[in-house]
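Chain by chain, the residues:
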Amino acid sequence: MDLDAVRTFVAAADMGRFQDAADELAITQQAVSKRVAALEKALGVRLFARTARGAKLTVDGQAFLPHARDLLRAEERAIDSVRPGRRALRVDVIGRRLAPADLVRDFHRAHPGIELDVVTLFDADAAVDAIGSGTVDASFRAVTRSQLPVGIGTARAFDEPIQLLVGPGHPLADATAVTPAELGGHRIWMPGIVPGTEWAAYYGDLAAAFGLTIEVTGPDFGVKPLLDTLADSPSLATFVGELTGFGWPADQGLRRIAVKSPAPVYPHSLLWHRDNAHPALTALRDHHCSGSHARSGAGTWTPAWA
């Protein structure tokens, strides 16, 4: 259906005269008549009865008018969905329980007027591809690549300290802090590590740097089975980010233990496409990449690629 004809029909219905509709739309009266006639032909009904005083809607015209307005509103929504600044800023985070989700929530609290659409892609490669194709506007990821595709911008957003999570029966349960060297010989179990991902690269380098053994055996059944197993185990531990939110039951007695000297930190970066004109991107970069959120420095450890 010709939306220009629909728009002309609505204008004529509102104005009551074809000439007034022509003035409103900045076209000729002849153009109004042709558009209305074409619409009537397409619908197979008369929409207006021409009178000496102007144009009066027929019964069919009255029935069509509310639907015509809906068509024009749908057109406007469709345009807004891709118009920079009018559609939601789509941001990818690695997981809704992890630090990047907190970063996006923090940005939303600071900029409540900016509409956000938060998605979770599988890994950094998928995020880079989505940014390149325009499927997402930005992503919080650890960047392991030395070269990113042309046009992809990146800046460090936040270095998140890594903590040890153990059950109440673990030998380190009463420690307030441990060093990476003290974890040698302990069983660190992380079944969610997937080879080839950025988190696999990070924990692989962490294990190599400090002589740790990270076990990835067994299926990954999710957070609750992992926490249940840790709570009942006298030997298993796992690594979690400082901002990772689990909310386990109090009777499990799980303990978060700081890792220091040096403190391993997970390097979250913000990625975007330099040709993306969405105005909220600037606000997102300014909020998270100004340096105030980063925590790396003396006494911390990150992989060489970070």
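Structure first, text after, so check above.
Remember, it's a predicted structure, so these values are computed and weren't measured experimentally.

## A look at the overall build of the chain
Counting secondary structure elements, the chain contains 9 helices and 13 strands. Taking 19 Å as the expected radius of gyration for a compact globule of 306 residues, we find that the chain reaches 30 Å, considerably beyond that expectation. Projected onto its principal axes, the C-alpha coordinates of the chain cover approximately 95 × 40 × 30 Å. Across the 306 residues of the chain, 42% fall into the buried class. With an accessible surface of roughly 15,400 Å², the chain has 53% of that area assigned to carbon and sulfur atoms. Seen as two clouds, the 31 positive and the 35 negative side-chain charges of the chain have centres 8 Å apart.

## Description of the environment of Asp228
Structurally, the position occupied by Asp228 is in helix α8 (residues 223–232). Taking the C-alpha atoms as reference points, Asp228 and Leu116, 112 residues apart in sequence, are found 34 Å from one another.

## Concerning helix α2 (residues 18–25)
Among all positions in α2, only Phe18, Ala21 and Ala22 are buried. Take α2 and look down its axis: the buried residues cluster within an arc of 105°, on one side only. Relative to its buried face, α2 has exposed residues pointing more than 90 degrees away, namely Asp23 and Glu24. The inward-facing, buried residues of α2 abut α1 (3–15), α3 (29–43), β1 (48–51) and β2 (54–57).

## So, α1
For an α-helix the count is 3.6 residues per turn, leaving residues at separations of three or four pointing the same way. An ideal rise of 1.5 Å per residue puts 18 Å on 13 residues; α1 measures up with 18 Å between its terminal C-alpha atoms. Those residues of α1 lying buried are Ala5, Val6, Thr8, Phe9, Val10, Ala11 and Ala12. Buried positions along α1 lie against α2, α3, β1, β2 and α4 (59–80). Backbone nitrogen of Asp4 and a side-chain oxygen of the N-cap are separated by 2.9 Å at the start of α1; the cap is Asp2. The positive-phi residue at the C-terminal boundary of α1 is Gly16, with phi of around 85°.

## Remarks on the nonpolar core
Core analysis: the largest hydrophobic core is formed by 25 residues, its most contacted members being Leu164, Leu183, Tyr203, Ile214 and Phe239. Listing elements by their share of this core, those giving two or more residues are β6 (152–166), α7 (198–210), β10 (236–241) and β11 (255–259). If you tally residues by element for this core, the top one is α7, at 6 residues. Setting aside residues no more than four positions away along its own chain, Leu183 makes contact with Leu164, Leu172, Val178, Ile188, Leu212 and Phe239.

## So, the pairing of β1
Sheet topology places β1 next to β2; 4 bridges connect them, and they run antiparallel. Looking across to β2, one finds that Arg50 is bridged to Ala55. Connecting β1 to the next strand, β2, in antiparallel fashion are 2 residues.

## Some thoughts on the packing of α2 against α3
With their axes 8 Å apart at the nearest point, α2 and α3 run at an angle of 105° to one another. One finds that α2 runs roughly perpendicular with respect to α3. Counted together, Phe18, Gln19, Ala21 and Ala22 of α2 and Gln29, Val32, Ser33 and Val36 of α3 form the full contact between these two elements. Partitioned by chemical class, the residues of the contact of α2 with α3 number 5 nonpolar, 3 polar and no charged.

## A short note on the packing of aromatic side chains
Summed over the entire model, instances satisfying the criterion amount to 9 aromatic pairs. Taking the centre distance of 5.3 Å and the plane angle of 50° together, the rings of Phe9 and Phe64 count as tilted. With Phe9 in helix α1 and Phe64 in helix α4, the pair connects residues that are 55 residues apart, well separated along the chain. Per residue, the accessibility class of Phe9 equals that of Phe64, and both read buried. Relative to Phe48, the ring of Phe18 lies with its centre 5.4 Å away and its plane at 85°, an arrangement referred to as edge-to-face.

## With respect to the side chain of Asp92
Topologically, Asp92 is positioned in strand β3 (residues 89–92). Classification of Asp92 by relative accessible area gives buried; the value is 0%. Polar contacts involving the side chain of Asp92 include one to the side chain of Arg141, which spans 3.0 Å. Those residues in contact with Asp92, other than ones at most four positions away along the chain, are Val119, Thr120, Leu121, Ala127, Ala138, Ser139, Phe140 and Arg141.

## Side note on the environment of Arg97
Residue position: Arg97 is located in the loop between β3 and α5 (99–110). For Arg97, a relative accessible area of 46% puts it in the partly exposed group. Distance from Arg97 to Phe246, taken between C-alpha atoms, is 7.1 Å for residues 149 residues apart in sequence. In this structure, Arg97 is in contact with Val223, Leu243, Thr244, Gly245 and Phe246, ignoring residues within four places of it in sequence.

What counts, and at which threshold
Residues numbered from 1 in each chain as written. Predicted model: local features only at pLDDT ≥ 70, side-chain atom pairs only at ≥ 80, totals over all residues. Heavy atoms only, no water. Helix = DSSP H or I, 4+ residues; strand = E, 2+ residues; numbered from the N terminus. Rg over C-alpha atoms; globule rule 2.2 N^0.38 Å. Buried < 20%, exposed > 50% of the residue type's maximum accessible area, 1.4 Å probe, protein only. Areas by Shrake-Rupley, 256 points an atom, 1.4 Å probe, with all protein chains shown as cover. Lys, Arg positive; Asp, Glu negative; His and termini not counted. Charge placed at Lys NZ, Arg CZ, Asp CG, Glu CD. Arc of directions from axis to C-beta. Contact = heavy atoms within 4.5 Å. Expected span 1.5 Å × (residues − 1). Polar contact = N/O pair within 3.5 Å; in protein donor to acceptor, adjacent residues only side chain to side chain. Core = buried A, V, L, I, M, F, W, Y, C linked by side-chain atoms within 4.5 Å. Pairing = 2+ DSSP bridges. Axes fitted to C-alpha atoms, helices over the stretch in contact; angles between N-to-C directions. Parallel < 35°, antiparallel > 145°, perpendicular 65-115°, else oblique. Nonpolar A, V, L, I, M, F, W, Y, C, P; charged D, E, K, R; others polar. Phe/Tyr/Trp six-rings, centres within 6.5 Å; stacked < 30°, edge-to-face > 60°.

Just distances and angles here, no functional claims.
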